[in-house]
Amino acid sequence: LLGKNLLVFKKTFPYFNDILSYDILIQCLNCIQNLHKSGFIHRDIKPSNFCLGNNEETALLSNYKKNNVFNHNIKIYLIDFGLVKKVSKNEMNINNLFVGTLKYASVSSHNNEDLSKKDDLWSFFFMFLEMLNEKLPWINLDYEIEREIFELKKKCIAEPEKYLFLTVTKNSKEINNILNSIKSLNFESEPDYAYISNQIYILKNKA
C-alpha cells in the first residue's frame, strides 16, 4: 500500500541530498503533529516507521533528474502504531518499562518514565540528525548495555557542541534552536511544531 520506508529510501535513492532531507523531515513532523492532535503519542518514532506514498519515488526521480528539487510536495506516512498510547493528562509516573527503540528513544524512556509528546519530538530530533548524516555518538555502543547509551545521550544533550554536533550539523544556529525548543518541553508541554518546521525550512533555503 505504501512505498519504501525512510531507512531504505535514504540508502537507495540516487539523488538523496540535504534539500530532500529537509522536505521529508517537515512532512514527518506534520505526521507527528497530526497524531498528537488526535490525542495520541507514537512512542517509537524512527526512520523505518515513516514511508513514502505509493509511486512517490518515481515522481521524485523524475523531478530530481530535471533538477526541480523545490517543486515537489512529498507525501510521507507514519506507520506502526503498536506502541501508541493516549496522551496522559495525569502526573508523570516512574518505574515503567522501557518503550521505544534504543537508538532513537528519549532520555525519559531510558529513565522508565511515562512518555508524552516531548518524547516523540526527542526521537524525531535524533532521527533528524541521522537524516542529515550526523553520526549519533551512541551508534557504536553495545546495545545490550542500555545504561551506557542513556548516559551518553544525557551528556550529548547537555553539551551538544562538544558531543553531538560534530560534523555536518556543527555551528548550525537553526539546529541548535530546534534542540533548545525540545529541551524546554516538560511532560505536559505542547511542542511548538510551527517553530521547528520554520527552522527546518530556513535550513532548506540555505542548502
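Up top you'll find the structure we're talking about.
Residues numbered from 1 in each chain as written. Predicted model: local features only at pLDDT ≥ 70, side-chain atom pairs only at ≥ 80, totals over all residues. Heavy atoms only, no water.

1. Some remarks on unusual backbone geometry
Working note: non-glycine residues mostly have negative phi, and peptide bonds are mostly trans.
Reasoning step 1: Here the phi dihedral of N55 falls at roughly 70 degrees; this positive angle occurs in a residue that is not glycine.
Reasoning step 2: Structurally, N55 can be placed in the loop between β3 (50-53) and α3 (56-65). (Helix = DSSP H or I, 4+ residues; strand = E, 2+ residues; numbered from the N terminus.)

2. Quick notes on empty space enclosed by the protein
A probe as big as a water molecule, rolled over the atoms, marks out the empty space that is left.
Reasoning step 1: Under the defined criterion, the tally for this structure stands at one cavity of 30 Å³ or more.
Reasoning step 2: R43, V99, A105, S106 and S123 are the residues nearest the centre of the largest cavity, which is lined by 14 residues in total.
Reasoning step 3: Residue contributions to the lining of the largest cavity peak at three residues, all from helix α5 (residues 117-131). (1 Å grid on protein atoms, 1.4 Å probe; cavity = no way out; pocket = protein on both sides within 12 Å on 5 of 7 lines; lining within 4 Å. Points joined across faces, edges and corners; volume = space filled by probe spheres on them.)

3. Focus: the packing of helix α8 (residues 173-183) against helix α9 (residues 193-206)
Reasoning step 1: Remark: α8 packs on α9, axes separated minimally by 9 Å, with the N-to-C direction vectors making an angle of 170 degrees. Between α8 and α9, the interaxial angle falls into the category roughly antiparallel. Within the contact between the two elements, α8 uses E174, I175, N177, I178, S181 and I182 and α9 uses Y195, I196, Q199, I200, I202, L203 and K206.
Reasoning step 2: By residue class, the composition of the contact of α8 with α9 is eight nonpolar, three polar and two charged. (Axes fitted to C-alpha atoms, helices over the stretch in contact; angles between N-to-C directions. Parallel < 35°, antiparallel > 145°, perpendicular 65-115°, else oblique. Contact = heavy atoms within 4.5 Å. Nonpolar A, V, L, I, M, F, W, Y, C, P; charged D, E, K, R; others polar.)

4. Digging into the sheet that holds strand β1 (residues 2-5)
Reasoning step 1: The three strands lie next to each other as β1-β3-β4, forming an open sheet whose pairing is antiparallel. Both outer strands of the open sheet, β1 and β4 (76-78), are each paired with one neighbouring strand and no more. Strand-to-strand twist of the sheet, defined as the mean angle between neighbouring strand axes without regard to direction, takes the value 40 degrees. (Pairing = 2+ DSSP bridges.)

5. Brief notes about the side chain of K153
Reasoning step 1: With respect to the element layout, K153 can be found in helix α6 (residues 146-158).
Reasoning step 2: Of the side chains with opposite charge, E146 comes closest to the buried, unpaired K153, at an N-O distance of 8.1 Å.
Reasoning step 3: For K153, the residues in contact, after removing those within four places along its chain, are L102, K103, Y104, A105, V107, H110, F126 and W138. (Buried < 20%, exposed > 50% of the residue type's maximum accessible area, 1.4 Å probe, protein only. Lys, Arg positive; Asp, Glu negative; His and termini not counted. Salt bridge = Lys/Arg side-chain N within 4 Å of Asp/Glu carboxyl O.)

6. Here we look at the packing of α5 against α8
Reasoning step 1: Running from N to C, α5 and α8 cross one another at 160 degrees; their axes reach a closest spacing of 10 Å. Compared by their axis directions, α5 and α8 come out roughly antiparallel. Between α5 and α8 the crossing geometry is left-handed. Where α5 approaches α8, its residues K118, L121, W122, F125, F128 and L129 are matched on the opposing element by I175, I178, L179, I182 and K183.
Reasoning step 2: Among the residues forming the contact of α5 with α8, the class breakdown is nine nonpolar, no polar and two charged. (Left-handed = near helix turned anticlockwise from the far one by under 90°.)

7. Overview of α6
Reasoning step 1: Relative to the 18 Å expected for 13 residues at 1.5 Å per residue, α6 spans 19 Å between its end C-alpha atoms, a close match to the ideal helical length.
Reasoning step 2: Where α6 is concerned, the buried positions are I149, F150, L152, K153, C156 and I157.
Reasoning step 3: Along its buried surface, α6 packs onto α4 (107-110), α5, α7 (160-163) and α8. (Expected span 1.5 Å × (residues − 1).)

8. Focus: the nonpolar core
Reasoning step 1: Among the nonpolar cores identified, the biggest contains 53 residues, and I24, F50, F124, F125 and F128 are the most heavily contacted of them.
Reasoning step 2: Broken down by element, the residue count for this core peaks at eleven residues, all from helix α2 (residues 18-37).
Reasoning step 3: Those residues within four positions of I24 in sequence are excluded, and the remaining contacts are L6, F9, F16, I74, I76 and M131. (Core = buried A, V, L, I, M, F, W, Y, C linked by side-chain atoms within 4.5 Å.)

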